[in-house]
Amino acid sequence: MSSEFQLHPDLASTFALPVDALYFLLIFLSVIISGGIFIAIVVFCVKYRRRSEDESPKEIHGSLPLELAWSIIPMFMAIGVFALGADLYFRMYRSPADPIEIYAVGKQWMWKIQHPEGKREINELHVPINQAVRLTLASEDVIHSFFIPAFRVKRDVLPGRYTTMWFEATQIGEFHLFCAEYCGTQHSTMIGKVFVMEEEDYQNWLVGGVSGESMIEAGARQFKQLGCATCHKSDTSGRGPSLEGIFGRAEKMTSGEDIVADEDYLRESILNPQAKVLNGFKPIMPTFQGQISEETLLQLITYIKSLGEAAEE
Amino acid sequence: MSTATIEQQASTNGHGENYLNVEHGIKSWLLTLDHKRIGILYLVTITVFFLIGGLAASLIRLELMTPQGDLVEAHTFNKLFTMHGVAMIFFFLIPSVPAVLGNMVLPIMIGARDVAFPRLNLLSWYCLVAGGSLATLAIIMGGVDTGWTFYTPYSSTYSNSYVTLALAGVFINGFSSILTGVNFMTTVHKMRAPGMTWFRLPLFIWAQYATSLIMILGTPVVAITLLLLALERTLHIGIFDPALGGDPILFQHLFWFYSHPAVYIMIVPGFGVISEVIACFSRKRIFGYSFVAFSSMAIAVLGFLVWGHHMFTTGQSVYAGMVFSFITFLIAVPTAIKIFNWTATLYKGSISLESPMLYALGFIGLFTIGGLTGLFLSTMGTDIHMHDTYFVVAHFHYVMVGGMVMAFLSGLHFWWPKFIGRMYPEAMGKASASLIFVGFNLTFFPQFVLGYLGMPRRYHVYPDEFQILHVMSTGGATVLGLGYLILIGSLLWSVFKGPRAPQNPWGAKGLEWEIQTPPTLHNFETMPIVTEEAYAYDNRHQAAQEEESTTAPAQQEEEVV
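Not measured: the values here are computed from a predicted model.

## Some points on the overall build of chain A
Then step 1. On a plain count of helices and strands, chain A comes out with seven helices and twelve strands.
Then step 2. Relative to its length of 313 residues, chain A is extended, with a C-alpha radius of gyration of 27 Å against a globular reference of 20 Å.
Then step 3. Based on the C-alpha atoms only, the size of chain A along its principal axes is roughly 100 × 50 × 40 Å.
Then step 4. For chain A, long-range pairs separated by at least 24 residues make up 66% of all intrachain contacts whose partners lie at least 6 apart in sequence.
Then step 5. Of the roughly 14,600 Å² of accessible surface on chain A, a fraction of 58% belongs to carbon and sulfur atoms.
Then step 6. Averaging the locations of the 27 positively and 40 negatively charged side chains of chain A gives two centres separated by 6 Å.

Next up, the structure:
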């Protein structure tokens, strides 16, 4: 990131080049179309300027071939650009397998980031170069939006549900992080820095400083402290379902519908347990709405996910 | 349109009794049922809101001269951009062409003495005044800081400003739109003069008709949405705030279901003006009349199916996003058809560059850029980067100011002599048109670059490297503001001192140019009978039509019924 005047943003992720390519294609098409129109207007205005007050130009009603030409050709151009844009969007939407998972919580007016290894940061995000990184985003209050211009990525951060985004950085350096969705008085100070580091530096950074427990450890501690373990036992003897391997599994609910236990389902089941109860269990779990922060929730979910991994092995 | 009776009327064109001097006193204005006077009431009202919105814009641009927040505090800045958006969109742009120019010329263009429901028409103006007063009260009491989009849950739960009051203002103002829409639609259906068939209608009428459709179908949805928001804010009924069990994205769906069509309310009537002006100042029938007419209708209908393109970054379903993106690309086609047809109308015309025409050509230039940059944002892959940046701000202003405001000013200059009865100073008109065109580009073109660099919208302070482009933008805004001041000054001057206007200063076609200047209270002394298509500028064509006209009327009356 340079603080010098620029006309074009840095290209620092694998998306930067395809987004810019599409952008320049659009500029090219726009210049051709608008250039043609502007030249035609200027030429006509000069060539057919009114030379005497009683001029009466001959009537021209229109031309069907012309109308068809300038409807159909732009339509095919539009469909072509649509397809390119949709394809790119698809790639931005689907994260590759086994990315580095990082969790971010937005609140008025700061970004709080947790790495699974336990490292936490505020308004800063450290990532390694040339590796896919997947961010899970949550908001504690209003809608925010996580925007890294040099990576050409942006995703709204919503209260009440998780959104995700992914990117792969390709350039070492420091880049802007902005909140792009208006979120109140200090909206424009809800900004930060993204640091892209060599893999080795990133690993050193992760273990450096006073990093305490990992997110899974923190989640396990909360799981005990909040009393979850009383009912959710590792075997089937508890009053609640066992959480071993539950993440990602499709389960039948008391309502009869099948639901995959993803992050949003786990989140809802902690905050509003009566909403979707697993078939065969009673709606007896108390709500934790308002009692635990978004960060603790993410730790609990990370812990529950890890129970699944243990079961697979 | 040139029947014997109308020619007689024309010869009596003097400045005797007309709608402006038939009655005097404040009461005769505030209780008037005359569509032309109501048009003037609208003009005065929206000018006040334009000045309020413009003042806010000036302060915003001054603040953004430097990267630090030095002129106003963050809280004030947020109130300023909200005030700018609310005043300009709800109280200036939406009523501009439909309610001001539409009221003045729509009934006359179709040969009617007034709109179908004159009392509703007056009521709709009072709705604007009442809504506008509430919104102004909200500003005076301390302002609103949600942005004109009122996104939840910020607006419903977190904002400590006069949100409910502003919502009430916008809500009441919505009825103004609905009533005007109902009125115009009925008028066009039921009150056309004998011989004024659908395909003889001036394209301005087609555009107004399409706009009325959007107003009637869309405005109730935003009214309901804002009502729900007010209920959540005051009574804490959970609809949009997840802490109360609501869904914040639901608000965006409902809001954009109206507010995307609303940008067509703010541009389609402008298309109508441009068709009239281009035809008149090149003395040609509009090229491809029916394509231009139907493209307005296509835009009105398709406009209801694209709202999700405002939400590509919210995490809505990928497939839903693709449908919204695709339909947005389709809507570009009828828009392009219009631009191409206007340009083709100039071909082999007799082109004269008076102020209305300068504004109209400026419109084509700026709107073309505004429309094409819209495609950058409907392309999903690039929208992710540009969403909520200055690129969107620039695109929106190219369409709304470069498009609608230019069209409004074009129409205002075009019909000014007819309704005010005096000519505006032509040199000043040309000077202000040129200054506005140049100033506008200087203001908003740098914002495209800023946006792609990543400058987010609604930022009070920003990183240093963006300053040069912001300073350019503020410099341009100064030129733009100067252009508007000259414009307002010269129009005001002409009301009192301008030379008397002749009946038809532009040699234009259309019923409004065949009646007295300024028009009498009832527009027409006798029922006009229409015998030819709109824009019959070709004399040869006209001569042939006149020979036919002796037999034509009876047959055409049947068509109307």
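The structure having been displayed, the exposition proceeds.
## Describing a negative patch on the surface
Then step 1. A grouping of Glu198, Glu199, Glu200 and Asp201 of chain A is seen on the molecular surface, where their side chains present a negatively charged patch.
Then step 2. Counting through the fold element by element, Glu198 of chain A comes out in the loop between β10 (192-197) and α3 (199-207).

## Quick look at the domain arrangement of chain A
Residues and elements named next belong to chain A.
Then step 1. Domains assigned within chain A are domain 1 (1-42 + 67-212) and domain 2 (215-312).
Then step 2. On a C-alpha basis, the centres of domain 1 and domain 2 stand 32 Å from each other.
Then step 3. Each partner contributes to the interface: domain 1 provides 17 residues, whereas domain 2 provides 14 residues.
Then step 4. Of the roughly 1,400 Å² buried between domain 1 and domain 2 on both sides combined, carbon and sulfur atoms contribute 50%.
Then step 5. On inspection of domain 1 and its partner domain 2, the count reaches three salt bridges.
Then step 6. Its salt-bridge partner being Arg134, residue Glu263 comes within 3.4 Å of it at the nearest N-O pair.

## A short note on the sheet that holds strand β9 (residues 173-179) of chain A
Residues and elements named next belong to chain A.
Then step 1. The sheet built from five strands is open, its strands ordered β4-β10-β9-β6-β7 with mixed pairing. Each of the sheet's edge strands pairs with one partner strand only, and the pair in question is β4 (124-128) and β7 (153-157). Within the sheet, the average angular offset between the axes of one strand and its neighbour, ignoring direction, is 20°.
Then step 2. Relative to β7, strand β6 (residues 144-148) runs antiparallel, the two sharing five bridges. Within β7, the residue paired with Phe146 across the bridge is Arg155.
Then step 3. Along the sheet, α3 makes contact with β4 and β10, crossing β4 at roughly 130°.

## Quick word on the state of the cysteines
Then step 1. Under the criterion given, the structure shown has zero disulfides over all chains.
Then step 2. Not engaged in a disulfide, the cysteine Cys228 of chain A finds its nearest cysteine sulfur in Cys231 of chain A; these two sulfurs lie 9.0 Å apart.

## Notes on the packing of aromatic side chains
Then step 1. Tallied over the entire structure, the rule returns 63 aromatic pairs over all chains.
Then step 2. In textbook terms, an aromatic cluster arises when at least three aromatic residues are bridged by ring pairs, as seen for Tyr23 and Phe24 of chain A together with Phe376, Phe391, Tyr398, Phe440, Phe444, Phe445, Phe448 and Tyr452 of chain B.
Then step 3. Stacked on the ring of Phe147 of chain A, the Lys or Arg Lys154 of chain A has its end atom at 3.8 Å from the ring centre.

## Quick look at the packing of helix α1 (residues 16-47) of chain A against helix α2 (residues 64-93) of chain A
Residue and element names in this part refer to chain A.
Then step 1. At a minimum axis distance of 11 Å, the contact between α1 and α2 shows a crossing angle of 165°. When the axis of α1 is compared with that of α2, the two are roughly antiparallel. As α1 runs across α2, the sense of the crossing is left-handed. Two secondary-structure elements touch here, α1 through Pro18, Val19, Leu22, Leu25, Leu26, Leu29 and Ile33 and α2 through Met77, Val81, Leu84, Gly85, Leu88 and Met92.

## Considering the side chain of His460 of chain B
Then step 1. With respect to the helices, strands and loops of the structure, His460 of chain B is situated in the loop between α16 (426-453) and α17 (467-497).
Then step 2. A distance of 2.9 Å separates a polar side-chain atom of His460 of chain B from the backbone oxygen of Val72 of chain B.
Then step 3. Setting aside residues no more than four positions away along its own chain, His460 of chain B makes contact with Ser188 of chain A together with Glu63, Leu64, Pro67, Gly69, Val72, Glu73, Ala74 and Phe77 of chain B.

## Notes on unusual backbone geometry
Negative phi characterises most residues that are not glycine, and trans characterises most peptide bonds.
Then step 1. Here the bond from Gln108 of chain A into Trp109 of chain A is cis, since omega is -5°, no more than 30 degrees from zero.
Then step 2. Take Trp109 of chain A: it is sitting in the loop between β1 (100-107) and β2 (110-114).
Then step 3. The peptide bond linking Thr517 of chain B to Pro518 of chain B adopts the cis configuration, its omega dihedral lying at -20°.
Then step 4. Residue placement: Pro518 of chain B occurs in the loop between α17 and α18 (539-548).
Then step 5. Phi at Asp98 of chain A takes a positive value of approximately 50°, unusual for a residue other than glycine.
Then step 6. Within the fold, Asp98 of chain A resides in the loop between α2 and β1.
Then step 7. Positioned with a positive phi, Lys348 of chain B is a non-glycine residue whose angle comes to about 55°.
Then step 8. Mapped onto the secondary structure, Lys348 of chain B falls in the loop between α12 (318-346) and α13 (355-378).

## Observations concerning the interface of chain A and chain B
Then step 1. Contacts between the two partners involve 89 residues from chain A and, on the opposite side, 97 residues from chain B.
Then step 2. Of the roughly 8,000 Å² buried between chain A and chain B, counting both surfaces, carbon and sulfur atoms make up 67%.
Then step 3. The tally of links from chain A across to chain B stands at two salt bridges.
Then step 4. Where Asp247 of chain B meets Arg161 of chain A, a salt bridge forms, and the shortest distance between an N and an O atom there is 2.8 Å.
Then step 5. In this assembly, chain A and chain B are joined by 26 residue pairs in polar contact (both at pLDDT 80 or more).
Then step 6. Among the elements of the structure, α1, α2, β7 and β9 of chain A are those that each provide at least two residues to the side of chain A that touches chain B.

## Some remarks on the packing of helix α4 (residues 74-109) of chain B against helix α8 (residues 203-235) of chain B
All names here are of chain B.
Then step 1. It is at 10 Å that the axes of α4 and α8 come closest, and there the two elements cross at 130°. With respect to each other, α4 and α8 are oriented oblique. Where α4 crosses over α8, the two elements pack in a sense that is left-handed. In this structure, α4 uses Ile94, Val97, Pro98, Leu101, Gly102, Val105, Leu106 and Met109 to contact α8, whose residues at the interface are Phe204, Ile205, Gln208, Thr211 and Met215.
Then step 2. In terms of residue class, the contact of α4 with α8 is made up of ten nonpolar, three polar and no charged.

## Observations concerning the confidence of the model for chain B
All names here are of chain B.
Then step 1. Within chain B, residue pLDDT values average 91, and 93% of them lie at 70 or more.
Then step 2. Note on residues 1-13: pLDDT is under 50 here. Beyond four places in sequence and across chains, it has 30 contacts.
Then step 3. Confidence drops under a pLDDT of 50 for residues 549-561, and excluding neighbours within four residues, the segment shows 13 contacts in the predicted structure.
Then step 4. Of the two predicted TM-score estimates for the complex, the pTM is 0.91 and the ipTM is 0.89.

## With respect to the sheet that holds strand β8 (residues 163-168) of chain A
Within a sheet, each strand pairs with its neighbour through backbone hydrogen bonds, oriented either parallel or antiparallel.
All names here are of chain A.
Then step 1. Pairing is mixed across the open sheet formed by five strands, whose spatial order is β3-β2-β1-β5-β8. Taken across any chain shown, the strands that pair with only one partner, and hence form the sheet edges, are β3 (120-122) and β8. Neighbour-to-neighbour, the strand axes of this sheet turn through a mean angle of 25°, independent of strand direction.
Then step 2. Direction of pairing for β1 relative to strand β5 (residues 132-139): parallel, over a ladder of seven bridges. Paired with Ala104 across the strands is Leu137, a residue of β5.

## Let's talk about the environment of Ser95 of chain A
Residues and elements named next belong to chain A.
Then step 1. With respect to the helices, strands and loops of the structure, Ser95 is situated in the loop between α2 and β1.
Then step 2. On the basis of relative accessibility, which here comes to 29%, the residue Ser95 falls in the partly exposed class.
Then step 3. C-alpha of Ser95 to C-alpha of Met165: the two residues are 70 residues apart in sequence and 7.6 Å apart in space.
Then step 4. Non-local contacts of Ser95, meaning those with residues more than four positions away in its chain, are made with Arg134 and Trp166.

## Some thoughts on the environment of Arg155 of chain A
Residues and elements named next belong to chain A.
Then step 1. Among the structural elements, Arg155 can be located in strand β7.
Then step 2. On the basis of relative accessibility, which here comes to 7%, the residue Arg155 falls in the buried class.
Then step 3. Here the alpha-carbon distance between Arg155 and Met165, two residues ten residues apart in the chain, equals 6.4 Å.

## Description of α8 of chain B
Residue and element names in this part refer to chain B.
Then step 1. Over its 33 residues, α8 runs 47 Å from end to end, which matches the ideal 48 Å to within 8%, given 1.5 Å per residue.
Then step 2. The axis of α8 is deflected most strongly, by about 30°, at Gly218, and proline Pro220 appears within four residues downstream.
Then step 3. At the exit of α8 stands His236, carrying a positive phi of roughly 60°.

Conventions used here
- Per-chain numbering applies: the sequence of each chain, read as written, is numbered from 1 onward.
- Working convention: letters from A go to chains and numbers from 1 go to ligands, in the order in which they are written.
- Under the rules for a predicted model, residues below a pLDDT of 70 receive no local features and side-chain atom pairs below 80 are neither given nor counted, while totals for whole chains, interfaces and linings still include all residues.
- Values reported for side chains reflect all heavy atoms of the structure, with hydrogen atoms and water molecules removed beforehand.
- Every helix listed is a DSSP run of H or I at least four residues long, and every strand listed is a run of E at least two residues long, numbered separately from the N terminus.
- Between the two quantities, the radius of gyration covers C-alpha atoms and the globule rule is 2.2 Å times the number of residues to the power 0.38.
- Note on definitions: a residue-residue contact is assigned when non-hydrogen atoms from the two residues lie within 4.5 Å.
- Using a 1.4 Å probe, accessible areas were evaluated by the Shrake-Rupley method; residue-level cover was limited to the displayed protein chains.
- Counting rule applied: Lys, Arg positive; Asp, Glu negative; His and chain ends not counted.
- Just so you know, the charge point we use is NZ for Lys, CZ for Arg, CG for Asp and CD for Glu.
- What goes into a patch is any residue over 30% in relative accessible area without a salt bridge, connected to like charges within 9 Å or, for nonpolar side chains (Val, Leu, Ile, Met, Phe, Trp, Tyr), within 5 Å.
- Here a salt bridge means any side-chain nitrogen of Lys or Arg lying within 4 Å of a carboxyl oxygen belonging to Asp or Glu.
- Domain boundaries shown here were taken from an automatic or database domain assignment.
- Buried area: the accessible surface (1.4 Å probe) lost by two parts on joining, summed over both.
- One requirement defines pairing of two strands: DSSP has to find at least two bridges between them.
- For helices, the axis comes from a line fit to the C-alpha atoms of the stretch in contact; other axes are also lines fit to C-alpha atoms, and the angle between any two N-to-C directions lies between 0 and 180 degrees.
- Whenever a pair of cysteine sulfur atoms sits within 2.5 Å, that pair is classed as a disulfide.
- In this analysis, rings of Phe, Tyr and Trp, with Trp reduced to its six-membered ring, are considered paired at centre separations within 6.5 Å, and the interplanar angle assigns stacked below 30 degrees, edge-to-face beyond 60, and tilted for intermediate values.
- When the NZ atom of lysine or the CZ atom of arginine is within 6 Å of a ring's centre and also within 35 degrees of its normal, the charge is said to sit over that ring.
- In what follows, roughly perpendicular refers to angles from 65 to 115 degrees, roughly parallel to angles under 35, roughly antiparallel to angles over 145, and oblique to any angle outside these ranges.
- When the near helix sits turned anticlockwise from the far one by under a right angle, the crossing is termed left-handed; a clockwise turn instead gives a right-handed crossing.
- Throughout this description, a polar contact denotes any pair of N or O atoms lying within 3.5 Å of each other; where both atoms belong to protein, one of them has to be capable of donating a hydrogen while the other can accept it, and for residues adjacent in sequence the pair is counted only when both atoms sit in side chains.
- Charged means Asp, Glu, Lys or Arg here, nonpolar means Ala, Val, Leu, Ile, Met, Phe, Trp, Tyr, Cys or Pro, and polar covers whatever is left, Gly included.
- For every residue, the predictor reports its confidence as pLDDT, a number between 0 and 100.
- The buried label applies to any residue whose accessible area, calculated with a 1.4 Å probe on protein chains only, is under 20% of its type's maximum; exposed applies above 50%, and partly exposed to all values in between.
- In this scheme, a helix's expected span is set at 1.5 Å multiplied by one less than its residue total.
- Bend at a given residue is defined as the angle between two axes, one fitted to the seven residues that end at that position and one fitted to the seven that begin there.

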